[in-house]
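Structural overview for review
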Amino acid sequence: MSPEKNRNYWILIAFAIITIIISSCSKEEGSDEPYIPVDEISLAETDLIPDKETKTVSTLLQFKNLDNIDYLVINKSGGESYSEKISRSELSSSYLFTYQVRTSDPDFFRLILKAVYLDGNISKEISLNVDNRWGFFIRNVSRIARVTGAPVSGETFPSPNNTLNWNVGGTDLGIVWEMEPGKYGIFFGDTFGRDFKPNPTNPGPNGGSWRSNVLAFSEDKNLDDGLTFSSMATDARGDAREIVYGGKDGSGNGDWTSIPTAAIRTNGADYVHYFNMRNWTGWITNYSGMYKSTDNGLTWEKCEGVTFSSNSPFGQGGYFKKDGYVYMIGTQTGRDSKAALARFREADIENRDQYEYWNGSSGQWIKGDENLATVIIDDKVGELSFIYSETFNKWFVAYFNGDRYNITMRTAEQITGPWSEPYELAAGKDYAQLYGSYFHPLSVNGDNLYFLMSMWMPYNVFLMKAEIADMGSFQD
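Throughout what follows, the structure given in this document is the object of discussion.

Rules of the game
Residues numbered from 1 in each chain as written. Predicted model: local features only at pLDDT ≥ 70, side-chain atom pairs only at ≥ 80, totals over all residues. Heavy atoms only, no water. Helix = DSSP H or I, 4+ residues; strand = E, 2+ residues; numbered from the N terminus. Rg over C-alpha atoms; globule rule 2.2 N^0.38 Å. Buried < 20%, exposed > 50% of the residue type's maximum accessible area, 1.4 Å probe, protein only. Contact = heavy atoms within 4.5 Å. Lys, Arg positive; Asp, Glu negative; His and termini not counted. Charge placed at Lys NZ, Arg CZ, Asp CG, Glu CD. Polar contact = N/O pair within 3.5 Å; in protein donor to acceptor, adjacent residues only side chain to side chain. Pairing = 2+ DSSP bridges. Axes fitted to C-alpha atoms, helices over the stretch in contact; angles between N-to-C directions. Core = buried A, V, L, I, M, F, W, Y, C linked by side-chain atoms within 4.5 Å.

**Details of the overall build of the protein chain**
When you go through the protein chain residue by residue, the secondary structure sums to one helix and 29 strands. Taking 476 residues into account, the globule formula puts the C-alpha radius of gyration at 23 Å, and the protein chain, at 33 Å, lies well above it. Viewed in the frame of its principal axes, the protein chain has a C-alpha envelope of about 130 × 55 × 40 Å. Here the protein chain holds 476 residues, and the buried ones make up 51% of them. The long-range fraction of contacts in the protein chain, counting pairs at least 24 apart against all pairs at least 6 apart in sequence, stands at 53%. Of note, the protein chain has its 43 positive side-chain charges centred 2 Å away from the centre of its 62 negative side-chain charges.

**A few points about the side chain of Arg410**
Take Arg410: it is sitting in strand S25 (residues 406–412). Here Asp379 takes part through its side chain, which lies 3.0 Å from a polar atom of the side chain of Arg410. If sequence neighbours within four positions are ignored, Arg410 has contacts with Ile377, Asp379, Trp395, Phe396, Val397, Tyr399, Arg404, Trp419, Ser420, Glu421 and Pro422.

**So, the sheet that holds strand S26 (residues 423–427)**
A sheet is described by the order of its strands in space; here four strands give the open sequence S23-S24-S25-S26, paired in antiparallel fashion. Strands at the two margins of the open sheet, each flanked by one partner only, are strand S23 (384–389) and S26. Taken pair by pair, the neighbouring strands of this sheet meet at an average axis angle of 20 degrees, ignoring direction. With six bridges joining them, S23 and strand S24 (residues 394–401) adopt antiparallel strand pairing. Each residue of the ladder has a partner; that of Phe386, found in S24, is Val397.

**So, the environment of Ser258**
Among the structural elements, Ser258 can be located in strand S14 (residues 257–266). Given the relative accessible area of 0%, Ser258 is considered buried. Separated by 71 residues in sequence, Ser258 and Phe187 have C-alpha atoms that sit 12 Å apart. Side-chain polar atoms of Ser258 contact the side chain of Asn276, separated by 3.1 Å.

**A word on the nonpolar core**
Among the nonpolar cores identified, the biggest contains 69 residues, and Phe187, Ile329, Phe386, Met409, Trp419, Leu425 and Met453 are the most heavily contacted of them. No other element matches S24, which puts six residues into this core. Every residue in contact with Met453, bar those within four places of it in the chain, is listed here: Ile407, Ala426, Tyr431, Leu434, Tyr435, Gly436, Asn460, Val461, Phe462 and Met464. Residues Ile41, Tyr95, Phe109 and Leu113 belong to the second largest nonpolar core, which totals 29 residues.

Structure below.
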């Protein structure tokens, strides 16, 4: 080998050795794998609602490796394009992120956050979902718990009452009223015993121990985990007993059953309004009437002087007390008539001559003639309840509507109306064979409406929750 070739050979050998050494050192320092941050940002909330006054959304961000961050990037998905960069000097390990909602922002959009690091790496993206609806609306509706009967296979929500202990396997309705502060009565309709079995091929009542109605009591003031009974009105065996007599004559020509429609504590007693059914085909009633209890629901007696005819516009209805009056929104019995309005002083509940009826044509309350009551809700109004919300300063009414196959809600500033367009509280497509909608009195305060709803299959009662929003106008 010539000297020149020999020299080049050793130069190549030396270069190869140096390259191996450098490569070896690089691997020892771990620089062959790029650093990819994982879950470097955590946050308190991902679903955000604008503040009604400031028109901003905010959430608290937590950073694991703040010293390694160069800046935070925020982009928007939905609406006009938006991008913001927040430098490291503005951030802190617990950082309150705030976004000012724009007039042009859509009802729903996302804010997408990611951290850019000093070494060029980028964190995982975090999405913030913004509910930017304004005005009055129902934000969410959910079924919280079973109220009566035994859970069925696959049911995951709470069932705090083992009503089989009171011989209650299947029942419906669930008319709630406040008897004393913190104590509530709950009237149910036709009730069947421990042998009741939900029957998908023939839903509705079945089994023995038929009672036209039963009564439960509750002192539960936290409804978010269900509605718990403290007791029921029972007979000597400990079974829930019938309160309002029903004849059980299923011929269609006599006294079939007695169904409660409304209840109230007033004039030092508890009262339940009911209709006495002749024939369910055509919803033909014999009359509507009233029972009362003067011993906190332990015993009841019929108010012989209070009767509504089979075609009365107040054969079915609901009660609510306000400003010294008991208001009654009524319908003819059934689910196809429009709603009218009456009122009376609390002491006059048993004195029909003192009832006053709202006549919208004259704009006056007229005493003594129920036929002068004009329509306040022009709709097919089924079983109903209503309250006045101290939080929203509005009246709320809810009722079953067969045409829409839902539980309908309307609102009004004044009890006499005008009443709003219909809102859907619960849909038949989500809750098959639903009916009944009875507000719990705890709904008068707070952003949530709690109501008891029946389902023909499995012929039992469930507690529902509707989250209400009154955001006003974005321009306010």
